[in-house]
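Inside the fold
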Amino acid sequence: QVQLVESGGGLVQPGGSLRLSCVTSGTIFSIYAMAWYRQAPGKERELVAGITRGGSTNYADSVKGRFTISRDNAKNTVNLQMNSLKPEDTAVYYCNAKYMTVEFWGQGTQVTVSS
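Because the structure is predicted, anything quoted here is derived from the model rather than measured. (Residues numbered from 1 in each chain as written. Predicted model: local features only at pLDDT ≥ 70, side-chain atom pairs only at ≥ 80, totals over all residues. Heavy atoms only, no water.)

1. Topic: the nonpolar core
To keep it simple, the criterion reads: Residues enter a nonpolar core if they are buried and are Ala, Val, Leu, Ile, Met, Phe, Trp, Tyr or Cys, with the set joined through side-chain atoms within 4.5 Å. Three labels apply to residues, based on accessible area from a 1.4 Å probe with only protein chains included: buried if under 20% of the type maximum, exposed if over 50%, partly exposed otherwise in between. Helix and strand definitions here come from DSSP, where helices need a minimum of 4 consecutive H or I residues and strands a minimum of 2 consecutive E residues; each element is numbered from the N-terminal end. Residue contacts follow a heavy-atom distance rule, with two residues in contact if any of their heavy atoms lie within 4.5 Å.
Grouped together as the largest cluster of nonpolar side chains are 27 residues, with contacts concentrated most on Met34, Trp36, Val78, Leu80, Met82 and Tyr93. Mapped onto this core, the elements with two or more residues apiece are strand E3 (18–25), strand E4 (33–39), strand E5 (46–51), strand E7 (67–72), strand E8 (77–82), strand E9 (91–99) and strand E11 (109–113). For this core, the element with the highest residue contribution is E9, accounting for 4 residues. Setting aside its immediate chain neighbours within four residues, valine 78 contacts Leu20, Ser21, Cys22, Phe29, Met34, Trp36, Ile51, Ile69, Ser70, Arg71 and Cys95.

2. Some remarks on the pairing of E5
We apply this condition: When DSSP finds two or more bridges between two strands, those strands count as paired.
Pairing of E4 with E5 involves 5 bridges; the strand directions are antiparallel. Note on E5: the bridge partner recorded for tyrosine 37 is leucine 47. Hairpin geometry of E4 and E5 is characterised by an intervening segment of 6 residues between the two adjacent antiparallel strands and by a positive phi of about 80° at glycine 42. Hairpin geometry of E5 and strand E6 (residues 57–59) is characterised by an intervening segment of 5 residues between the two adjacent antiparallel strands and by a positive phi of about 100° at glycine 55.

3. Quick look at unusual backbone geometry
Non-glycine residue serine 84 carries a positive phi angle of around 50°. Mapping serine 84 onto the fold places it in the loop between E8 and E9. Looking at serine 84, the relative accessible area reads 38%, which means it is partly exposed. One non-glycine residue with positive phi stands out, namely methionine 100, at about 55°.

4. Considering the packing of aromatic side chains
Spelled out, the test is: In this analysis, rings of Phe, Tyr and Trp, with Trp reduced to its six-membered ring, are considered paired at centre separations within 6.5 Å, and the interplanar angle assigns stacked below 30 degrees, edge-to-face beyond 60, and tilted for intermediate values. Look at NZ for Lys and CZ for Arg. If either is within 6 Å of the ring centre and within 35 degrees of the ring normal, a charge sits over the ring.
For the coordinates displayed, the defined rule picks out 3 aromatic pairs. Aromatic side chains tyrosine 32 and phenylalanine 104 sit 6.1 Å apart centroid to centroid with 65° between the ring planes, which places their arrangement in the edge-to-face category. Placement of tyrosine 32 in the loop between E3 and E4 and of phenylalanine 104 in strand E10 (residues 102–105) is noted, with a sequence separation of 72 residues between them. The exposure class assigned to tyrosine 32 is buried, which follows from its relative accessible area of 6%. Look at phenylalanine 104 and you get partly exposed, because its relative accessible area is 24%. Aromatic rings pair up to connect Tyr32, Tyr99 and Phe104 into one cluster. Just above the ring of tyrosine 94 sits the side chain of arginine 45; from NZ or CZ to the centre is 3.7 Å. A cation over an aromatic ring shows up here: arginine 45 above the ring of tryptophan 105, its NZ or CZ 4.6 Å from the ring centre.

These values are about where atoms sit, not about what they do.
Okay, structure coming up:
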């Protein structure tokens, strides 16, 4: 059974930092392209950042220069380092794994940026 388990969310003040982690089990992690999505209340889920099997990355324009995605294939983990957080970054953040037509999602972790 494939499982993606996110951690690291929480409440942070504007300008602060958080590091999200997603541990994958039950499959061969290294074959998947990994990504972080987020969904704010009343909004559609959107791509935040992605990383390919080879390590190439892409980011939403709204987080470029502030967020960094990375993966550790030895630990079956993908991370999202979030710096200079803004109130508009508040959302539930979801981990995503995709290989060809196969796709898995985590349960999500809440990130709240507020003073």
